[in-house]
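Commentary on secondary and tertiary structure
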Amino acid sequence: MTVAQALIRFLACQFTERDGRRHRLIDAVWGVFGHGNVAGIGQALVESGQGPGAVLPFRQGRNEQAMVHAAVGFARQRDRLSAQAVTTSIGPGATNLVTGAALATINRLPVLLLPGDTFATRPADPVLQQLEHPSAGDVSVNEALRPVSRWFDRVHRPEALIPAALAAMRVLADPVETGAVTLALPQDVQAEAFDWPEGFFAERVWQVPRQAPDAGALAAAAEAIRAARRPLIVAGGGVHHSEAEEALRALVEDTGIPVASTQAGKGSLRHDHPCDLGGIGHTGTEPADALARRADLVLGIGTRWTDFTTASHTLFAHPGVRFVNLTNSPADAHKMGALALIADARAGLAALRKALAGHRVEAGYAAEYAAGKERWEARVAASLTPADEDARPTQTQVIGALDEVVGEEDVVINAAGSMPGDLHKLWRARHRRQYHLEYGYSCMGYEIPAAIGVALAAPGRPVWALVGDGTYLMNPTELVTAVQEGLGINVVLVQNHGYASIGGLSELTGAERFGTAYRHRAPDGSYTGDPLPVDLAANAASLGLHVLRAGTYRELRAALAAARADERPTCVYVETDPADTAPEAQAWWDVPVAGAASRPAARAARETYERRAAERRRHL
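Here we summarise the structure given alongside this text.

Conventions used here
- Residues numbered from 1 in each chain as written.
- Predicted model: local features only at pLDDT ≥ 70, side-chain atom pairs only at ≥ 80, totals over all residues.
- Heavy atoms only, no water.
- Helix = DSSP H or I, 4+ residues; strand = E, 2+ residues; numbered from the N terminus.
- Rg over C-alpha atoms; globule rule 2.2 N^0.38 Å.
- Contact = heavy atoms within 4.5 Å.
- Lys, Arg positive; Asp, Glu negative; His and termini not counted.
- Charge placed at Lys NZ, Arg CZ, Asp CG, Glu CD.
- Polar contact = N/O pair within 3.5 Å; in protein donor to acceptor, adjacent residues only side chain to side chain.
- Core = buried A, V, L, I, M, F, W, Y, C linked by side-chain atoms within 4.5 Å.
- Buried < 20%, exposed > 50% of the residue type's maximum accessible area, 1.4 Å probe, protein only.
- Salt bridge = Lys/Arg side-chain N within 4 Å of Asp/Glu carboxyl O.
- Pairing = 2+ DSSP bridges.
- Right-handed = clockwise from strand over helix to strand, strands pointing away.
- Axes fitted to C-alpha atoms, helices over the stretch in contact; angles between N-to-C directions.
- 1 Å grid on protein atoms, 1.4 Å probe; cavity = no way out; pocket = protein on both sides within 12 Å on 5 of 7 lines; lining within 4 Å.
- Points joined across faces, edges and corners; volume = space filled by probe spheres on them.
- Nonpolar A, V, L, I, M, F, W, Y, C, P; charged D, E, K, R; others polar.
- Disulfide = S-S within 2.5 Å.
- Left-handed = near helix turned anticlockwise from the far one by under 90°.

Our next topic: the overall build of the protein. Assigned secondary structure in the protein consists of 24 helices and 21 strands. Scaling as 2.2 N^0.38, a compact globule of 620 residues should have a C-alpha radius of gyration of about 25 Å, and the protein matches this with 25 Å. Each principal axis of the C-alpha atoms in the protein carries an extent, and together these give about 70 × 70 × 55 Å. Put simply, of all contacts in the protein between residues at least 6 apart along the chain, 76% involve residues at least 24 apart. Both charge centroids of the protein, one from 60 positive and one from 69 negative side chains, sit 5 Å from each other.

Put into structure tokens, the structure is as follows:
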């Protein structure tokens, strides 16, 4: 077989197993073909067959970055136990992978990248799209993938595929090490024939263990929690990846410890659970952040403690606050000066529950956070519900209309702009995998391809991609893929004429919303003229979607219900009222402000910045 044929056959024989359940490790291969992979991976996929009997299914994409996003959405929905591969040509096809690879690695979600590469044998040098580096003859554009990959290898010889492929599978299946894995494949090596050992193609099962916590660390963690008067749990994405939601619920129902969640961890408890306080940090809820400021112990579960969660290290203000980090990642376990409890989230929570048997927070503390939750829920209802259903909705009211329509099984996807903050504060998560926010990389253009990945991973579940006009214009191409594959995803396209999130941030930091509006140039040269006459709904229709336009809240709610009932890929288009009806930020986020400026807006913003930055502390 050729190297490419051998790789496809090998990938089809790889499985993961956790809790006695087996999963295909590589579910399918996404691809756009060019001269770096058409005669290698392309020919191998043809030879392996297509349709129901295919050795490894192929899926046709339109944009290389978007194919990675689709694969990431798939892997997240499958709890990282199954992944997809992406093949590209050399040159721009390969470099288009970089953004998607960074997103996968930062979010610790598995995806296998198979970019073509220049000739290993160098029969002609340089070849089309080859990068000529002035100081190294063996450098190709694929070096750009090294820093954003958890594992990178280049297969210079056929026999090198064996250790390279095995290492790639090990990393993909490892819950601590996973992320983007790159096997760069020189185009001549892909097509080279070789005699392979039969053992290379034997079924191989990669165990995904549930690591139990060390007994000493567990005892120390339990002692610290028992000693705390105001403990708080911060649930991160590791709760979902480990399928630890029930274990978390059991622990908090025994102990009464309240739970706040990161963007990745939202939905770890249902929104209506008495211990669920919603999001935490810069985009968090008022009761969660209020408790965080006075917490004397914080139990982080499966979180890597980003600046949004910690409010740039200004949120946890209690002078004696201690941290316990329950995570399978040693690197994350020691952050915040924490007591490290290195374990699988589900196994660790079960062990903690036993170690804390009989312990419960004081009644006054439980009453305090229950009252805060009740007050906040009233604010949420006010933000989501319009006074006039026949008026144009605000962005938060778009969320409210969707909240009225979705069921337990729906999946809501978002990634960038102002909507992640609104969703983190306001969305009422009903299911462990309903809330799908990519906020590790906050990548515009993620939502539509990720919706395709989720639809492939969970057939039959209604999937919603929430996008603003800025995100839509960056990456709408995979709508064609949804039409081609017959995937009934729903795109909620919010027209607000520019970069709303960055516009607001620009105003807060003294940059006066410069360059953030989608408008004609005014006579003074600024982008402050009339809105651009674009029709994004017509664009979506031209790509094959069924389009529903809504002008009022009432029309929007009806359109969303119609979209949910329709099996076709559907776009619900709505132009929003620019009024900000979301609750204000409950905590700070550090975005540096000009230290010297002549304009009053920047000088005023700097004064505020210096005051807030002074509140920062190091947790040592």
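There's plenty left to go through after this.
Let us now look at the side chain of Asp344. For Asp344, the location among the structural elements is in the loop between strand 15 (339-342) and helix 14 (345-355). Side-chain polar atoms of Asp344 contact the side chain of Arg210, separated by 3.0 Å. One polar contact links the side chain of Asp344 to the main-chain amide nitrogen of Ala347, over a distance of 2.9 Å. Beyond its immediate chain neighbours, meaning those up to four positions away, Asp344 contacts Arg210, Gln211, Ser242, Leu326 and Asn328.

Bringing the nonpolar core into the picture now. Residues Ile233, Leu248, Ile301 and Phe316 are the most contacted members of the largest nonpolar core, which totals 54 residues. The element contributing the most residues to this core is helix 8 (residues 215-227), with six residues. Apart from the residues within four sequence positions on either side, Ile233 is in contact with Leu248, Leu251, Val252, Ile257, Pro258, Val259, Ala260, Leu299 and Ile301. Cys443, Ala482, Ala540 and Cys571 belong to the second largest nonpolar core, which has 50 residues in total.

A separate point is the pattern of salt bridges. If you walk through the whole model with that rule in mind, you get 45 salt bridges. Note that Glu243 is salt-bridged to Arg18, the shortest N-O span being 2.7 Å. Taken together, the residues Glu243 in the loop between helix 9 (237-241) and helix 10 (245-255) and Arg18 in strand 1 (residues 14-18) connect sequence positions 225 residues apart. We note a salt bridge from Glu368 to Arg230, for which the minimum N-O separation is 2.8 Å. In this pair, Glu368 is assigned in helix 15 (residues 363-384) and Arg230 in the loop between helix 8 and strand 10 (231-235), connecting sequence segments 138 residues apart. Judged by relative accessible area, which is 14%, Arg230 ranks as buried.

So, on to the pairing of strand 20 (residues 546-550). Relative to strand 21 (residues 570-575), strand 20 is paired through five bridges, and the arrangement is parallel. The partner of Arg549 across the bridge, within strand 21, is Tyr573. Note that the unit made of strand 20, helix 23 (residues 553-565) and strand 21 has a crossover that is right-handed.

Glancing now at helix 18 (residues 447-457). Of all the 11 residues making up helix 18, 11 are buried; the element is thus mostly covered by neighbouring parts of the structure. For helix 18, the complete set of buried residues consists of Glu447, Ile448, Pro449, Ala450, Ala451, Ile452, Gly453, Val454, Ala455, Leu456 and Ala457.

Attention now goes to the environment of Ile41. Counting through the fold element by element, Ile41 comes out in helix 2 (residues 38-48). Considering only alpha carbons, one finds Ile41 and Ser89, 48 residues apart in sequence, at a separation of 9.8 Å.

Further remarks concern the sheet that holds strand 5 (residues 83-88). Here six strands make up an open sheet; going across it, the order is 4-3-5-6-8-7 and the pairing parallel. Every other strand in the sheet has two partners, leaving strand 4 (58-60) and strand 7 (151-154) as the edge strands with one partner each. Across the sheet, the axes of successive neighbouring strands diverge by a mean angle of 20 degrees, strand direction being ignored. In the sheet, strand 5 pairs with strand 6 (residues 111-117) via four bridges, with the strands oriented parallel. Across the sheet, Val86 pairs through a bridge with Leu113, a residue of strand 6.

Attention now goes to the sheet that holds strand 2 (residues 21-24). Backbone-to-backbone hydrogen bonds join strands into a sheet, with any given pair of strands oriented parallel or antiparallel. Here three strands make up an open sheet; going across it, the order is 2-1-9 and the pairing mixed. The two strands at the open ends of the sheet, each matched to only one other strand, are strand 2 and strand 9 (204-207). Within this sheet the neighbouring strands show an average axis-to-axis angle of 35 degrees, counted without direction. Where helix 6 (residues 161-173) meets the sheet, its contacts fall on strand 1 and strand 9, and the angle it forms with strand 9 comes to roughly 40 degrees.

Scanning the model with the defined rule gives five cavities of 30 Å³ or more in all. Roughly 610 Å³ of volume is contained in the largest cavity. Lining the largest cavity are 39 residues; nearest its centre among them are Gly237, Gly238, Ala264, Gly302 and Arg304. The biggest single contributor to the lining of the largest cavity is helix 9, with three residues. Its residues assigned to classes, the lining of the largest cavity shows 14 nonpolar, 18 polar and seven charged. Its volume calculated, the second largest cavity comes out at about 70 Å³. Along its surface, the second largest cavity is lined by Thr16, Arg18, Asp79, Arg80, Leu81, Leu172, Ala173, Asp174, Pro175, Thr178, Val208 and His241. Looking at the lining of the second largest cavity, the elements with two or more residues in it are strand 1 and helix 6.

On the secondary structure map, Val412 appears in strand 16 (residues 411-414). Separated by 208 residues in the primary sequence, Val412 and Leu620 place their C-alpha atoms 37 Å from one another.

Let us now look at the state of the cysteines. By the definition in use, this model includes zero disulfides. Of all cysteine sulfurs, the one in Cys571 lies closest to Cys443, which takes part in no disulfide; the gap is 20 Å.

How two helices sit against one another is set out by the angle between their axes and by the gap between those axes. It is the contact of helix 1 (residues 3-11) with helix 6, at a shortest axis distance of 11 Å, that shows an interaxial angle of 30 degrees. The element helix 1 and its partner helix 6 pack so that their crossing is right-handed. Between helix 1 and helix 6, the residues in contact are Val3, Ala6, Leu7, Phe10 and Leu11 and Leu161, Ala165, Leu166 and Met169, respectively. Tallied by class, residues from the contact of helix 1 with helix 6 come to nine nonpolar, no polar and no charged.

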